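Coordinate inspection notes
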Amino acid sequence: MQIALVIVGLMLLLVTPLVAVLPGPAGIFTFAAGTALILRNSRWARHRFARLLRRHPRLRALSDRALRRASARRRRMRAGA
């Protein structure tokens, strides 16, 4: 089942450039859905994503803000205190 969900996520990512040409924000939603499916069902992808966020703190801040993570609030509180 996990393999099928990863394949569906990859298909959504491949369809994203085609959908992005259409008017409206559909490309953003297909990209987000595809990425979410892949990250939830692939340990390798989660590891690579975490590594990317560690190397690029600005990306981490953007993703934390977009996802409204509680861990981001804790990090900001620790940095500010």
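The notes below deal with the structure included here. (Residues numbered from 1 in each chain as written. Predicted model: local features only at pLDDT ≥ 70, side-chain atom pairs only at ≥ 80, totals over all residues. Heavy atoms only, no water.)

**Comments concerning the overall build of the protein**
Of the regular secondary structure elements, the protein holds five helices and zero strands. Listing the helices and strands of the protein from first to last along the sequence gives α-α-α-α-α. In terms of C-alpha radius of gyration, the protein reaches 15 Å, well past the compact-globule figure of 12 Å for 81 residues. Principal-axis analysis of the C-alpha atoms gives the protein an extent of 45 × 30 × 20 Å. Here the protein holds 81 residues, and the buried ones make up 20% of them. Taking contacts inside the protein between residues at least 6 apart in sequence as the whole, the part at least 24 apart equals 31%. As displayed, the protein offers around 6,700 Å² of accessible surface, 68% of which is attributable to carbon and sulfur atoms. (Helix = DSSP H or I, 4+ residues; strand = E, 2+ residues; numbered from the N terminus. Rg over C-alpha atoms; globule rule 2.2 N^0.38 Å. Buried < 20%, exposed > 50% of the residue type's maximum accessible area, 1.4 Å probe, protein only. Contact = heavy atoms within 4.5 Å. Areas by Shrake-Rupley, 256 points an atom, 1.4 Å probe, with all protein chains shown as cover.)

**Points about helix H2 (residues 26–41)**
Here H2 contains 16 residues, and its C-alpha end-to-end distance of 23 Å stays within 8% of the 22 Å for a straight helix at 1.5 Å per residue. Those residues of H2 lying buried are Gly 27, Thr 30, Gly 34, Ile 38, Leu 39 and Asn 41. Residues of H2 that are buried sit in contact with helix H1 (2–20) and helix H3 (43–55). (Expected span 1.5 Å × (residues − 1).)

**Observations regarding the side chain of Asn 41**
Within the fold, Asn 41 resides in helix H2. Residue classification places Asn 41 among the buried positions, given a relative accessible area of 17%. From its side chain, Asn 41 meets the backbone oxygen of Leu 37 in a polar contact 2.9 Å long. If near-sequence neighbours (up to four positions away) are discounted, Asn 41 is found in contact with Gln 2, Leu 5, Val 6 and Arg 46. (Polar contact = N/O pair within 3.5 Å; in protein donor to acceptor, adjacent residues only side chain to side chain.)

**Regarding a nonpolar patch on the surface**
Among the surface-exposed residues, Ile 3, Ile 7 and Met 11 lie close enough to one another that they form a single nonpolar patch of about 330 Å² accessible area. Tracing the backbone shows Ile 7 in helix H1. (Patch = residues over 30% accessible without salt bridge, like charges linked within 9 Å, V, L, I, M, F, W, Y side chains within 5 Å. Salt bridge = Lys/Arg side-chain N within 4 Å of Asp/Glu carboxyl O.)

**Describing a positive patch on the surface**
On the surface, a cluster of positive charge is made up of Arg 65, Arg 73, Arg 74, Arg 76 and Arg 78. Counting residues per element, the positive patch draws most heavily on helix H5 (residues 70–80), which supplies four residues. On the secondary structure map, Arg 65 appears in helix H4 (residues 57–67). Arg 65 sits in the exposed class, given a relative accessible area of 58%. (Lys, Arg positive; Asp, Glu negative; His and termini not counted. Charge placed at Lys NZ, Arg CZ, Asp CG, Glu CD.)

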